[in-house]
Amino acid sequence: MSLTLADVEKIADLARLELTDEEKSQYRKQLSAILDYAAVLDELDLTDVVPTAHAVTRRNIMREDVMEPSLPIEDVLHNAPQEAQDQFLIQAVLD
Amino acid sequence: MTEYEAVIGLEIHAELMTASKMFCGCRVVDSVTAPPNTATCPVCLGMPGMLPVINKRAVELAIRVGLALNCTIQRHNIFARKNYFYPDLPKSYQISQYELPLALDGHLDIELASGETKRIDIRRVHLEEDTGKLTHLDKDSQFPQGGTLVDYNRSGVPLLEIVSEPNIRSGEEARAYAVKIRQILRYLEVNSGDMEKGVFRVEPNISLRPAGTETFGTRTELKNLNSFRALADGTAYELVRQAEILDAGGQVVQETRGWNESKRLTFSQRSKEEAEDYRYFPEPDLPPLEITDEWVESVKLTLPELPDTKRARYMADFELSAYDASVLVEERAVANWFEHTLAVSDVDPAPSPKSIANWMINDLFRLMNEHKQGVADIKFEPAAFVQLIGLVENNTVNNNTAKDVLTEMYQSGRPAAEIIQAKGLAQISDETAIFEIISQVIRENPDTVAAYLSGKDKLRGWFVGQVMKATKGKANPEIVNRRLAEQLDQLK
């Protein structure tokens, strides 16, 4: 299974990554190799196997609906690039 | 010109009324009034290394909704990551459900303006988390570069998404469906239904296709609808806009559009990313959620009687009209208040449910509307209300006086009997007393009596008025009418 350059560009775009032509070609090969590796599973007949979402056997890890203390506002905003009015101030984004 | 059929599906997002968030212990606050970012922690801020844990209560409330909407509750649940970059999501993904949602294949019957019932199919109900709130700043002296403020109080609040099949055909149907979903969520006590605060949000997907065809046209999604009126009007506008594009030989662009309430039109917000661009995959931080039959059964026991069932019962058991029954069941609190009146047993003769319903709808609701108050604001108990109606029915006061007494009760909360006694409002039902008052009115108005006797039958009402005036409205109208007829007829 070989990815095209366009596939790589789309993945990069979705991940908001800007790649050089050299990187695109390099990642095309590497990503294709990863997919080829996973494609080994296609050789198995999995008709009767329920799709697995998790390898762990644990189920139903839940908490009761109990309130716990939140962070102090200074800690919340500690790593904010900028702040104003107790909120994160970021570059303008359009809706 | 081609005739089109509207194809509308609704996505409804409703925050669940839990105490804490979906995946962390931060409290759920009013995101409009709470100080920004005061209900946040590493989990809902998406900090590295955080681990979400499912809020059991949120799952229970979601099961409640699934059952009320006639869905099948899925036993095997998987949470998924929905990936996209937008600052309302600090993790750059939203924890949601994709392939294995909590509830599937439900339906809801809505009533159309024509009186017909229409079944709207519900495709799925799933659990997810709400996002943070963005405020876009204008460029001004304080913020010369402009910018966006982010408040993560709402991030991680349990959110239910209810997706209908696209078998809604008009803005009015969309409205009727959304109104009913909201009513049910309020009955279930899972959501306040506040649209202004965005706790309950409705987003229609709208497309057109030539009538009689089966394939779907290109759809647009409408946002910013913060009232049911906006939902109906925005949808109707969008249907006309799309028809005009198609009639001109153009193509509808798949996009998200906003509704501008003041300009009364929709505008393009952003092109919709295709579903596969969200790259859903199972959330590795949350193990599968298995919902057992026992759990579903125990939740079923907590379901209240729902409005449709209640309405049918009121009509069958109490002989209420469809309209009266609908009004009483519209809100659970009102229905409860009505049902409390029915439990009152120490009033003799006991007023009929129909009589109580009439007094509530015609008189009590009028006072509530005048004061812009709800049933929770009523100062007297349901029993006091029944006592007042009992005093009308045993002829202690007449109807009109009782309305005044109710107004006084509404303001002061004092019992009816006390008001009647204090103001001397008790009805005069003494036949002899009424006979004498009528005789006096006849004596004092010979000209009018003559006019009446010459055939002006309409003057009867005038005589009734004079008797009421003489008794300050306290005379028993039934006796007055009967006696007056007798006494005037004797003069013929």
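Residues numbered from 1 in each chain as written. Chains lettered and ligands numbered in written order. Predicted model: local features only at pLDDT ≥ 70, side-chain atom pairs only at ≥ 80, totals over all residues. Heavy atoms only, no water.

Here we look at the overall build of chain B
What counts, and what does not: Runs of H or I in DSSP of at least four residues are treated as helices and runs of E of at least two as strands, each being numbered from the N terminus. Both definitions apply: the radius of gyration is a C-alpha atom measure, and the globule rule equals 2.2 Å times residues to the power 0.38. By definition, residues are in contact when any of their heavy atoms lie within 4.5 Å. Surface accessibility follows the Shrake-Rupley procedure with a 1.4 Å probe radius. Residue values consider only the protein chains on display as shielding.
Per the secondary structure count, chain B includes 15 helices and 17 strands. Taken over the C-alpha trace, chain B has a radius of gyration of 30 Å; the compact-globule value for 492 residues is 23 Å, which it surpasses by more than 25%. Taken along the three principal axes of its C-alpha coordinates, chain B extends 95 × 55 × 55 Å. Taking the intrachain contacts of chain B between residues at least 6 apart in sequence as the baseline, contacts between residues at least 24 apart amount to 71%. Summed over its atoms, the accessible surface of chain B is roughly 22500 Å², and 50% of this surface lies on carbon and sulfur atoms.

With respect to the sheet that holds strand 16 (residues 281-282) of chain B
All names here are of chain B. How we decide: When DSSP locates at least two bridges between a pair of strands, those strands are taken to pair.
Pairing is antiparallel in the open sheet, where 3 strands are placed in the order 6-5-16. Where the open sheet ends on each side, the last strands, each with one partner, are strand 6 (93-96) and strand 16. Both strand 5 (residues 80-83) and strand 16 contribute to a ladder of 2 bridges, which runs antiparallel. Paired with A80 across the strands is P282, a residue of strand 16.

A few points about the interface of chain A and chain B
For the record, the criterion: As used here, buried area is the combined drop in accessible area, with a 1.4 Å probe, of two parts when they are placed together. Counted as salt bridges are all cases of a side-chain nitrogen of Lys or Arg within 4 Å of a carboxyl oxygen of Asp or Glu. Side-chain atoms alone can form a polar contact between residues adjacent in sequence; in general such a contact is a pair of N or O atoms within 3.5 Å, and within protein one must be able to donate a hydrogen while the other accepts it. Classification convention: Asp, Glu, Lys, Arg as charged; Ala, Val, Leu, Ile, Met, Phe, Trp, Tyr, Cys, Pro as nonpolar; all other residues, Gly among them, as polar.
Tallying the contact residues gives 34 residues for chain A and 53 residues for chain B. Buried surface at the junction of chain A and chain B, summed over both partners, amounts to about 3700 Å²; 59% is from carbon and sulfur atoms. Counting the contacts that link chain A with chain B gives 2 salt bridges. A salt bridge links K10(A) to D277(B), with the shortest nitrogen-to-oxygen separation between them at 3.0 Å. Joining chain A to chain B, the criterion identifies 20 residue pairs in polar contact (both at pLDDT 80 or more). Within the residue set of the side of chain A that touches chain B, elements represented by two or more residues are helix 1 (5-14), strand 1 (62-63), helix 3 (73-76) and strand 3 (87-90) of chain A. Here the side of chain A that touches chain B is composed, by residue class, of 18 nonpolar, 6 polar and 10 charged.

Digging into the packing of aromatic side chains
Residues and elements named next belong to chain B. We apply this condition: Each pair of aromatic rings taken from Phe, Tyr and Trp, with Trp reduced to its six-membered ring, is defined by centres within 6.5 Å and is described as stacked if the planes are under 30 degrees apart, edge-to-face if over 60, and tilted in the remaining cases. Only protein chains enter the accessibility calculation, which uses a 1.4 Å probe; a residue whose area is less than 20% of its type maximum is buried, one above 50% is exposed, and one in between is partly exposed. The criterion for a charge sitting over a ring is simple: Lys NZ or Arg CZ within 6 Å of the ring centre, and within 35 degrees of the ring normal.
Considering all chains together, one arrives at 15 aromatic pairs over all chains under this definition. Considering the side-chain rings of F200 and F228, the 6.3 Å spacing of their centres and the 65° angle between planes classify their relative orientation as edge-to-face. Taken together, the residues F200 in strand 12 (residues 200-210) and F228 in helix 3 (residues 228-247) connect sequence positions 28 residues apart. With respect to burial, F200 and F228 carry one shared label: buried. Pairing Y452 with F463 gives two aromatic rings, centres 6.1 Å apart and planes at 85°, and the pair type is edge-to-face. Here Y452, found in helix 13 (residues 446-453), pairs with F463, found in helix 14 (residues 459-470); they are 11 residues apart in sequence, far enough to count as distant. Summarising the burial analysis for this pair, Y452 and F463 share the class buried. Directly above the ring of Y278 sits K82, whose terminal nitrogen or CZ lies 4.5 Å from the centroid.

Quick look at the packing of helix 1 of chain A against helix 2 (residues 21-38) of chain A
All names here are of chain A. The line we're drawing: Note on geometry: axes are lines fitted to C-alpha atoms, helical ones only across the stretch in contact, with angles between N-to-C directions running from 0 to 180 degrees. Working definition: roughly parallel below 35 degrees, roughly antiparallel above 145 degrees, roughly perpendicular at 65 to 115 degrees, and oblique for all remaining angles.
Orientation of helix 1 relative to helix 2, taken along the N-to-C sense of each, is 100°, at an axis distance of 9 Å. Regarding the angle of helix 1 to helix 2, the classification is roughly perpendicular. Contacts between helix 1 and helix 2 involve L5, V8, E9 and I11 from the former and K24, S25, Y27, R28 and L31 from the latter.

Quick notes on the pattern of salt bridges
Residue and element names in this part refer to chain B. As enumerated under the stated definition, the model contains 44 salt bridges over all chains in all. As a salt-bridge pair, K223 and E221 come within 4.0 Å of each other at their nearest N and O atoms. Under the relative-accessibility criterion, K223 is labelled partly exposed at 22%. Bridged by salt links that share partners, the residues E172, R175, R229, D233, E261 and R264 form one connected network.

Looking at the side chain of R64(B)
All names here are of chain B. The test is simple: When charges are counted, Lys and Arg contribute as positive and Asp and Glu as negative, whereas His and the chain ends are disregarded.
With respect to the helices, strands and loops of the structure, R64 is situated in helix 1 (residues 56-68). Here R64 is buried and forms no salt bridge, its nearest opposite-charge partner E189 lying at an N-O distance of 5.1 Å. With residues up to four places along the chain from it excluded, the contact list for R64 reads R57, L188, E189, V190, V299, T302 and L303.

So, the domain arrangement of chain B
In plain terms, the rule: Domain delimitation in this document rests on an assignment produced automatically or drawn from a domain database.
When its domains are assigned, chain B resolves into domain 1 (4-299), domain 2 (307-423) and domain 3 (431-491). Each of domain 2 of chain B and domain 3 of chain B has a C-alpha centre, and the two are 33 Å apart.

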